[in-house]
Amino acid sequence: GLDLSHCVGANSLGPAVPWRSGGPCKMKRVRTVFKPEQLERLEQEFLKQQYMVGTERVDLAATLHLTETQVKVWFQNRRIKWRKQSMEQKAAKLSQFGVIQPATADSTDIKDHEEDTVDVEL
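Residues numbered from 1 in each chain as written. Predicted model: local features only at pLDDT ≥ 70, side-chain atom pairs only at ≥ 80, totals over all residues. Heavy atoms only, no water.

For the rest of this paragraph, the subject is the environment of F46. Looking at the element boundaries, F46 is found in helix 1 (residues 36–48). Note: C-alpha distance between F46 and R78 (32 residues apart in sequence) is 8.1 Å. If we skip the residues at most four places from it in the chain, F46 touches W74, F75, R78, R79 and W82. (Helix = DSSP H or I, 4+ residues; strand = E, 2+ residues; numbered from the N terminus. Contact = heavy atoms within 4.5 Å.)

See below:
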């Protein structure tokens, strides 16, 4: 889950500063650090299919000793990276031929359809 020991302002200089008076402290999210073997396997699976759902995701998570949520979020983030790389390659090809690509609905369409990127450790 969240690392509950860290609040905004928590340091050796004084007590933790509440996020809002009387409210909980703002928690610092712990970033998942994947092992190289896990990343290699996740990338292999991504090359086969960009969407991992259901029992496939559960099985992959168990095999890699990750939570299902970690696998789900990795795939969400990887799809966004893949789309960004595809758009950059397309832009590079167009500029190679001297075609200047104006800001089009394509770039906003992707933002509207992107899944939220979240880095969650459970």
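More follows now that the structure is in view.
We now examine helix 2 (residues 54–64). Looking at helix 2, one finds that the buried residues are R57, L60, A61 and L64. Relative to the axis of helix 2, the buried residues are bounded by an arc of 100° and lie together on one face. Projecting away from the buried face of helix 2 at angles above 90 degrees are the exposed residues T55 and A62. Tucked inside the fold, the buried residues of helix 2 contact helix 1 and helix 3 (68–96). Looking one or two places after helix 2, you find H65, whose phi comes out positive at around 60°. (Buried < 20%, exposed > 50% of the residue type's maximum accessible area, 1.4 Å probe, protein only. Arc of directions from axis to C-beta.)

Even without being glycine, H65 reaches a positive phi, approximately 60°. Mapped onto the secondary structure, H65 falls in the loop between helix 2 and helix 3. The class of H65 is exposed, set by a relative accessible area of 72%.

If you walk through the whole model with that rule in mind, you get four aromatic pairs. For the ring pair F46 and W82, a centre distance of 6.2 Å and an interplane angle of 75° mean the geometry is edge-to-face. Here F46, found in helix 1, pairs with W82, found in helix 3; they are 36 residues apart in sequence, far enough to count as distant. Residue classification places F46 among the buried residues on the basis of a relative accessible area of 1%. Geometrically, the ring pair formed by W74 and F75 is edge-to-face, given 5.2 Å between the ring centres and 75° between the ring planes. F75 matches W74 in its accessibility class, with the two residues each being buried. (Phe/Tyr/Trp six-rings, centres within 6.5 Å; stacked < 30°, edge-to-face > 60°.)

Bringing the environment of R57 into the picture now. One can find R57 in helix 2. Residues R57 and E68, spaced eleven residues apart in sequence, show a C-alpha to C-alpha distance of 6.4 Å. The residues contacting R57, other than those within four sequence positions of it, are M52, E68, V71 and K72. A polar side-chain atom of R57 sits 3.3 Å from a polar atom in the side chain of E68. (Polar contact = N/O pair within 3.5 Å; in protein donor to acceptor, adjacent residues only side chain to side chain.)

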